Amino acid sequence: MVYLRSQSFINKTVANLPEVADATYDKAKQGAQRTRARLAAARASTVHFKIVGPAHLTTVGVERDYPDAEFYLEAPNAMAIEYGHNPSGVFGPGGRFGHLITKAPDGLFILTRAAGLM
């Protein structure tokens, strides 16, 4: 006798196999390692306080929520570090109206590159 199962039933069954869940977690830990390496390289090449500050405000985390797993940047504004943001203000003399307008920081794409998406 042959039983037909839906694709979602099969996916859920396979995803919950201990070997598959463990492999997913291992991949997340590997991604976190690559992210830490990229963050270290960013720290070595910048003077921005939120990345290199004494408390190292930016950290890398990895979590397991069986059968899923994830790795991530944890920072006061991790999205700005990852994707960049608008200039945060005007500083010093010069420029228009006596102030120098800062350049918008480019994104570092630390997670994106660590995940192999770029």
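Before reading further, recall that the structure is shown in the block above.
Residues numbered from 1 in each chain as written. Predicted model: local features only at pLDDT ≥ 70, side-chain atom pairs only at ≥ 80, totals over all residues. Heavy atoms only, no water.

A. Layout of the pairing of strand β2 (residues 68-74). Pairing of strand β1 (residues 59-65) with β2, which is carried by 7 bridges, proceeds in the antiparallel orientation. Its bridge partner being in β2, V60 is matched across the sheet by L73. Linking β1 to β2, which pair antiparallel, is a turn of 2 residues. (Pairing = 2+ DSSP bridges. Helix = DSSP H or I, 4+ residues; strand = E, 2+ residues; numbered from the N terminus.)

B. Examining a nonpolar patch on the surface more closely. A cluster of nonpolar residues, F9, I10, V14, L17 and V20, forms a patch on the protein surface that exposes about 370 Å² of accessible area. Counting residues per element, the nonpolar patch draws most heavily on helix α1 (residues 7-15), at 3 residues. Among the structural elements, I10 can be located in helix α1. (Patch = residues over 30% accessible without salt bridge, like charges linked within 9 Å, V, L, I, M, F, W, Y side chains within 5 Å. Areas by Shrake-Rupley, 256 points an atom, 1.4 Å probe, with all protein chains shown as cover. Salt bridge = Lys/Arg side-chain N within 4 Å of Asp/Glu carboxyl O.)

C. Structural detail: the nonpolar core. Core analysis: the biggest nonpolar cluster contains 8 residues, these being A32, L39, A42, V60, L73, A78, I81 and I110. Discounting residues that sit within four places of it in the chain, V60 has contacts with A32, T35, R36, L39, Y72 and L73. (Core = buried A, V, L, I, M, F, W, Y, C linked by side-chain atoms within 4.5 Å. Buried < 20%, exposed > 50% of the residue type's maximum accessible area, 1.4 Å probe, protein only. Contact = heavy atoms within 4.5 Å.)

D. Expanded view of the pattern of salt bridges. For the structure on display, the rule yields 2 salt bridges. With its nearest N and O atoms 2.7 Å apart, the salt bridge here joins D22 to R64. Residue D22 is located in helix α2 (residues 18-44), and its partner R64 is located in strand β1; the two are separated by 42 residues in the primary sequence. With a relative accessible area of 36%, D22 lands in the partly exposed category. For R64, a relative accessible area of 35% gives the class partly exposed. Of the charged contacts in the structure, one is a salt bridge between D26 and K29, with a shortest N-O distance of 3.5 Å. Separated by 3 residues within a single helix, D26 and K29 lie in helix α2, roughly one turn from each other. For D26, a relative accessible area of 36% corresponds to the partly exposed category. Judged by relative accessible area, K29 falls into the partly exposed class, the value being 36%.

E. Here's a closer look at unusual backbone geometry. The linkage connecting Y66 with the following residue, P67, adopts the cis geometry, with an omega of 5°. Along the chain, P67 turns up in the loop between β1 and β2. Positive phi is not limited to glycine here, since F109 has a value of about 50°. With respect to the helices and strands, F109 occurs in the loop between β4 (100-101) and α5 (110-114).

F. Up close: the packing of aromatic side chains. Applying the stated criterion across every chain yields a total of 1 aromatic pair. Both rings, one in Y83 and one in F109, keep their centres 5.9 Å apart while their planes meet at 75°; by these two values the pair is edge-to-face. Taken as a pair, Y83 in helix α4 (residues 78-83) and F109 in the loop between β4 and α5 lie far apart in primary sequence, 26 residues in all. Directly above the aromatic system of F9 lies the positively charged group of R5, at a separation of 4.5 Å from the ring centroid. (Phe/Tyr/Trp six-rings, centres within 6.5 Å; stacked < 30°, edge-to-face > 60°. Lys NZ or Arg CZ within 6 Å of the ring centre and 35° of its normal.)

Everything listed is a geometric property; what it means functionally is a separate question.
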